[in-house]
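# Tertiary structure, described
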Amino acid sequence: MNRPYNFSAGPAAIPAEVLQQAASEMLDWHGSGMGVMEMSHRGKEFLSIYQQAEADLRTLLAVPANFKILFMQGGGLAENAIVPLNLSRAGTVDFVVTGSWSQKSQKEARKYASEVNIAASSQDSDFTTLPAPATWNLSRGASYLHICSNETINGTEFHELPDLKALGSDAPLVIDFSSHVASRSVDWSRVGLAFGGAQKNLGPAGLTLVVVREDLLGHALPACPSAFDYKTVADNESMYNTPPTWGIYVAGLTFQWLLRQREGELSGVAAMEQRNIAKAELLYNAIDASQLYVNKVAANARSRMNIPFFLRDESRNEAFLAGARERGLLQLKGHKSVGGMRASIYNAMPLAGVQALVDYMREFEQKRA
Ligand code: PMP
């Protein structure tokens, strides 16, 4: 099947093989006579789906044994509240604000933490840079420090997670990795908790992934809803309440697809990372070489996943998008808060899709140069 290339920031493209498998199992999962959406979450069929998904994700992301994997609901924005409800201990929390998402996160945390310290911000550069960790103003005894490790709207990405210990802080690092989870490896030695919605790189909307170090469990504020208390969720293997069964199943199929991917000697996330580097380079090089397109993000902060770009002649925006749609290049319109264009090139986007975009961009530029 020849499908268009879908550059949506999320919900985003899912590998066709995954969709085909889900479709073929829709009415009858493995001879059970039931579709996955119709199964009890406590039955042996769904439990096997859940356990396989959990184990595959642990392998894929090399999650150490002292971290729990939680499958929750509510998305990244709910986690902006759930994290401080669980981790703030009503004390001080540090934030590094590097774009729209971390901005939202710090605002929400103010409802639960007694103090929110903005340790650093890149607002002065219009969020086109990332402040160097050595310049962060860390508070003493902070309950945690939050960063958005890939800012989906602004198109910045931390290519190395900060080493808070080396900066003299004992605070656990919290990362919002919604928009680059499984696109690259994670250095868990630097992380206390990672969260992300599934709808960009893992599967359908409705599933939220939380990976949390065990020693951070059990400190929720009394007001924390039981269904959002990480310890309760962990103690019940994500089944305190009914988990998002369909999302876990489709994410599980995506994990298996990821495990099958190969680039030379590499497999899984390492193979994806190699591919993602090549895809991003292709697109950034095309943008930088052109007279028409521009990406404003500092070279060392450019995201491999979300690439916003602008036409220097903005009167051509609609024509650009219409021509793209005609060629099967979908959902390239930029986020409403920044305008312009944005190409989200998550794991499910093949190099050929980025090549098709680059070819179209060149042609569009030359047509009226
Ligand atoms: N964080 C990041 C980095 C995001 O990209 C998004 C969604 N685009 C969110 C949080 C919010 O996620 P949700 O809509 O699932 O709550």
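Definitions and cut-offs
- Residues numbered from 1 in each chain as written.
- Predicted model: local features only at pLDDT ≥ 70, side-chain atom pairs only at ≥ 80, totals over all residues.
- Heavy atoms only, no water.
- UniProt positions renumbered as here; feature names shortened; annotations may be inferred.
- Near = heavy atom within 4 Å.
- Polar contact = N/O pair within 3.5 Å; in protein donor to acceptor, adjacent residues only side chain to side chain.
- Areas by Shrake-Rupley, 256 points an atom, 1.4 Å probe, with all protein chains shown as cover.
- Helix = DSSP H or I, 4+ residues; strand = E, 2+ residues; numbered from the N terminus.
- Nonpolar A, V, L, I, M, F, W, Y, C, P; charged D, E, K, R; others polar.
- Salt bridge = Lys/Arg side-chain N within 4 Å of Asp/Glu carboxyl O.

Looking at an unreviewed UniProt entry, one finds the protein named Phosphoserine aminotransferase and attributed to Acidovorax soli. The UniProt entry for the protein carries the following comment under Sequence similarities (unreviewed entry): "Belongs to the class-V pyridoxal-phosphate-dependent aminotransferase family. SerC subfamily." What UniProt states about the protein under its Subunit (unreviewed entry) heading is, verbatim, "Homodimer."

Okay, the site of the ligand next. As a structural note, the neighbourhood of the ligand is formed by Gly 75, Gly 76, Leu 77, Trp 101, Cys 148, Asn 150, Thr 152, Asp 176, Ser 178, Ser 179, Gln 199 and Lys 200. Here Leu 77 contributes a backbone N or O atom positioned 2.8 Å from an oxygen atom of the ligand. Contact between the ligand and Lys 200: a nitrogen atom at 2.8 Å from a side-chain N or O atom of the residue. Within the complex, 83% of the 400 Å² of free accessible area of the ligand lies under protein. Looking at the shell around the ligand, the element that brings in the most residues is helix H3 (residues 75-87), giving three residues. Grouping the constituent residues of the shell around the ligand by class yields three nonpolar, seven polar and two charged.

Tallying each qualifying case throughout the model produces 15 salt bridges. Each of Glu 160, Asp 163, Asp 187 and Arg 190 takes part in one network of salt bridges that share partners.

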